[in-house]
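What follows is the residue order along each chain.
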Amino acid sequence: MFGRKLPSTRLIWIAAGALVLSIGAFVAFQSGATPEPTVVPFSDFVRDVQANQVKAVSTDGDGVEFERRDGTRFETVAPQGYIALNPTFVASLVEQGVRFNVTATEQSHGSNYTALVLGVLLFSAVGLTLYRLVTGRVPSLEKPRTIDSHEVGVTFNDVAGVDEAKDEVQEIVDFLKEPGRFSSIGGRIPRGILLVGPPGTGKTLLARWMAGEAGVPFISASGSEFVEMYAGVGASRIRKLFREARRHKSCIIFIDELDAVGRNRGGNSLSHEEREQTLNQLLVEMDGFSRSDSVVVVAATNRADILDAALLRPGRFDRQVTVGNPHLKGREQILRVHTRAIALESDVDLRSIARGTPGFSGADLPNLVNEAALSAARAGRPAVCNGDLDAARDKVLMGVERKSVVMSEHERVTCAYHEAGHAVVAALLPDADPLHKVTIIPRGRALGVTMQLPEADRHTHSKSFIQAQIAILMGGRVAEELFLRQMTSGASNDIERATELARKMVCELGMSPLGPVHFRRPSGAWDSDSRAAGFSEEAARRVDDE
């Protein structure tokens with residue numbers, strides 16, 4: 001991390017000027033008031049009263065301020081209790097026509113406090129105004145987070161399950177290590193690499209691995225850090241980020257959640273003006289590298305579809321690398337990486353665990369290993385066994401067991417028949433995934449769970465498989481009607497999921513007599529306007545029938 005810098009000479013002069021103006025305003029406020037009275041002995045005040053030379057008297061107790069008839073003002077202190085114990089003295093002043101006023105003690109210093117508050121406010125306002133006039137922006141305290149190469153802590157052996165993505169970025173690492181080998185034949189390093197994939201797939205880890213393997217500094221930032229309510233702050237931070245990068249001979253700039261600042265430009269909303277100004281600055285900086293710069297911008301997002309086209313053109317983000325959920329072999333590799341520091345029993349089969357975790361991301365698997373280790377520690381075992389890993393997988397997939405939920409006998413019977421309906425249909429259908437576990441112990445938000453695990457990763461789904469899924473989902477409601485002669489609310493989620501699958505089969509997947517036609521819903525619901533819906537009312541009626 002780079003240290004704190006001393007203020008520049010310009011900022012020192014700005015602060016000094018603001019301080020001088022504030023002090024001047026404070027002095028002017030004080031000098032504009034009535035001049036301070038002269039302090040005299042109390043005997044002089046009594047003598048002037050007897051000589052009828054006093055015009056007005058003001059007292060706040062023992063303190064006395066009086067004005068002579070010639071306009072001069074004096075201040076004195078009466079003996080303790082003198083005025084209160086001598087009512088004839090006050091009466092004689094009134095008889096002489098002297099204006100007599102009594103004030104509270106706290107009010108005597110009110111003008112000083114008012115002047116002090118006004119001075120502080122004036123100093124703040126003048127300082128901020130001068131700073132904006134000179135620099136054109138408000139202060140920005142954030143600094144880029146720079147991590148030295150020896151502090152990155154991620155190496156080749158720490159990244160697993162994304163072999164294709166590692167191969168894509170390997171040449172970037174080679175270029176940062178040996179730039180001369182590529183430049184000697186006229187090769188140019190890509191300006192930027194965009195890592196695209198779902199959350200938790202290892203995009204940030206891959207960027208840190210690049211910096212650790214290449215031995216260059218790693219400058220990290222988030223897209224949301226560049227979007228502020230103040231005009232020009234985001235663009236200023238972009239300039240600061242790239243200025244810091246150019247201080248190094250070679251480095252990697254990593255911008256996480258690029259879609260926060262890189263969304264498509266356009267629209268009449270003024271709320272987007274600052275974000276678009278920040279995006280414009282990013283585009284300029286990425287296109288302003290000289291050919292000798294060994295600075296690579298790596299960005300990550302899971303919303304590549306909403307990024308501005310200017311960001312994705314060659315010369316900025318030249319290369320897009322897809323980082324998806326790991327396959328079976330990749331999940332096994334990730335499990336082996338994260339169980340290095342975990343004590344495992346000799347019969348633990350990580351390949352079997354990997355086979356039972358389809359769809360898990362690179363972040364889910366370390367969480368599973370950690371849950372298994374915690375389970376073994378709670379049970380007092382010195383090592384993690386297969387049961388701990390199975391329990392951790394069930395916890396991640398289905399939620400925590402809620403054994404404290406009290407169910408009546410009727411609810412338990414209903415739940416048992418409902419889950420049995422799911423299980424029987426799943427066991428009888430040949431296209432369904434094998435059953436893994438059926439339980440009526442509440443987990444998460446469900447009172448019971450029927451869990452299936454596929455035998456292998458699936459990348460496409462057949463019509464018979466989707467129909468089997470719909471049948472399994474409706475098996476719970478059918479069991480309630482056949483054996484209990486009733487219908488309960490426990491099937492609400494099953495009906496919702498079955499309806500969504502059926503809608504996709506008809507409207508998106510072309511798995512109906514209507515043929516391979518995509519019936520889109522422009523606003524999330526069927527539109528009565530056939531032009532907006534993209535098909536006729538007759539077609540909408542046929543879709544409803546299907």
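Scope of this entry: the structure provided in the associated data block. A quick note: this is a predicted structure, and the numbers were derived from the prediction, not measured. (Residues numbered from 1 in each chain as written. Predicted model: local features only at pLDDT ≥ 70, side-chain atom pairs only at ≥ 80, totals over all residues. Heavy atoms only, no water.)

Looking at the overall build of the protein chain
Then comes step 1: Along the backbone of the protein chain there are 20 helices and 13 strands.
Then comes step 2: Counting over 546 residues, the protein chain shows a buried share of 38%.
Then comes step 3: Put simply, of all contacts in the protein chain between residues at least 6 apart along the chain, 72% involve residues at least 24 apart.
Then comes step 4: Working note: accessible area of the protein chain is about 30500 Å², and carbon and sulfur atoms make up 55% of it. (Helix = DSSP H or I, 4+ residues; strand = E, 2+ residues; numbered from the N terminus. Buried < 20%, exposed > 50% of the residue type's maximum accessible area, 1.4 Å probe, protein only. Contact = heavy atoms within 4.5 Å. Areas by Shrake-Rupley, 256 points an atom, 1.4 Å probe, with all protein chains shown as cover.)

Quick word on the sheet that holds strand E5 (residues 99–102)
Then comes step 1: Read across the open sheet, the five strands follow the order E1-E4-E3-E2-E5; overall the sheet is mixed. Since the sheet does not close on itself, it has two edges, and those belong to strand E1 (38–39) and E5, each with one partner.
Then comes step 2: Strand contacts of helix H2 (residues 42–50): strand E2 (54–59), strand E3 (63–68) and strand E4 (73–77), with the helix running at about 45° to E3, the strand carrying the most contacts. (Pairing = 2+ DSSP bridges. Axes fitted to C-alpha atoms, helices over the stretch in contact; angles between N-to-C directions.)

Regarding unusual backbone geometry
Then comes step 1: You will see that glutamate 257, though not glycine, has its phi angle at about 50°, which is positive.
Then comes step 2: If you trace the backbone, glutamate 257 turns up in the loop between strand E9 (250–256) and helix H10 (273–286).
Then comes step 3: Overall, the relative accessible area of 35% leaves glutamate 257 in the partly exposed class.
Then comes step 4: Positive phi is not limited to glycine here, since arginine 485 has a value of about 55°.

A few points about the packing of aromatic side chains
Then comes step 1: Applying the stated criterion across every chain, the model contains two aromatic pairs.
Then comes step 2: Note on phenylalanine 218 and phenylalanine 254: the rings are 5.8 Å apart at their centroids and 25° apart in plane angle, and the pair reads as stacked. Here phenylalanine 254 lies in strand E9 and phenylalanine 218 lies in strand E8 (residues 218–222), a separation of 36 residues in the sequence. Of the two residues examined, phenylalanine 218 and phenylalanine 254, each falls in the buried class. (Phe/Tyr/Trp six-rings, centres within 6.5 Å; stacked < 30°, edge-to-face > 60°.)

Looking at the pairing of E9
Taken residue by residue, a regular strand's side chains alternate between the two faces of the sheet.
Then comes step 1: Counting buried positions along E9 yields six of seven residues, so the element is predominantly enclosed.
Then comes step 2: Strand direction decides the pairing type here: E9 and strand E10 (residues 294–301), joined by six bridges, are parallel. Counted as the bridge partner of phenylalanine 254 is valine 298 from E10.

Overview of helix H18 (residues 492–507)
Then comes step 1: Taking 1.5 Å as the rise per residue, H18 with 16 residues should run 22 Å; its terminal C-alpha atoms sit 22 Å apart, in good agreement.
Then comes step 2: For H18, the full list of buried residues reads Asp494, Ala498, Arg503, Met505, Val506 and Cys507.
Then comes step 3: The inward-facing, buried residues of H18 abut helix H16 (409–428), helix H17 (463–484) and helix H20 (537–545). (Expected span 1.5 Å × (residues − 1).)

What to know about H2
Then comes step 1: Among the residues of H2, those classed as buried are Phe42, Phe45, Val46, Asp48 and Val49. The arc that holds every buried residue of H2, seen down its axis, measures 165°, which confines them to one face.
Then comes step 2: Downstream of H2 by a residue or two, asparagine 52 has a phi angle that is positive, lying close to 55°. (Arc of directions from axis to C-beta.)

What to know about the packing of helix H14 (residues 364–379) against helix H15 (residues 386–398)
Then comes step 1: It is the contact of H14 with H15, at a shortest axis distance of 8 Å, that shows an interaxial angle of 125°. It follows from the interaxial angle that H14 and H15 lie oblique. Considering how the two elements wind past one another, H14 and H15 form a crossing that is right-handed. Where H14 abuts H15, its residues Asn367, Leu368, Glu371, Ala372, Ser375 and Ala376 lie against Asp388, Leu389, Ala392, Arg393, Lys395 and Val396.
Then comes step 2: Among the residues making up the contact of H14 with H15, the classes are represented as six nonpolar, two polar and four charged. (Parallel < 35°, antiparallel > 145°, perpendicular 65-115°, else oblique. Left-handed = near helix turned anticlockwise from the far one by under 90°. Nonpolar A, V, L, I, M, F, W, Y, C, P; charged D, E, K, R; others polar.)

As for the nonpolar core
Then comes step 1: Formed by 26 residues in total, the largest nonpolar core has its most connected members in Leu195, Leu206, Met210, Ile252 and Val298.
Then comes step 2: Those residues in contact with isoleucine 252 that lie beyond four places of it in its chain are Leu176, Met210, Ala211, Val216, Pro217, Phe218, Ile219, Val296 and Val298.
Then comes step 3: With 25 residues, the next largest nonpolar core counts Ile219, Met286, Ala299 and Phe317 among its residues. (Core = buried A, V, L, I, M, F, W, Y, C linked by side-chain atoms within 4.5 Å.)

Looking at the packing of H16 against H17
Then comes step 1: H17 packs onto H16 with a crossing angle of 130° between their chain directions and a minimal axis gap of 7 Å. In terms of orientation, H16 lies oblique with respect to H17. Remark: the crossing between H16 and H17 carries right-handed chirality. Along the contact surface, H16 presents Val413, Thr414, Tyr417, His418, Gly421, His422, Val425 and Ala426, while H17 presents Ala471, Ile472, Leu473, Gly475, Gly476, Arg477, Ala479, Glu480, Phe483 and Leu484.
Then comes step 2: Residues belonging to the contact of H16 with H17 are distributed by class as follows: 10 nonpolar, six polar and two charged.

These figures capture arrangement, not role.
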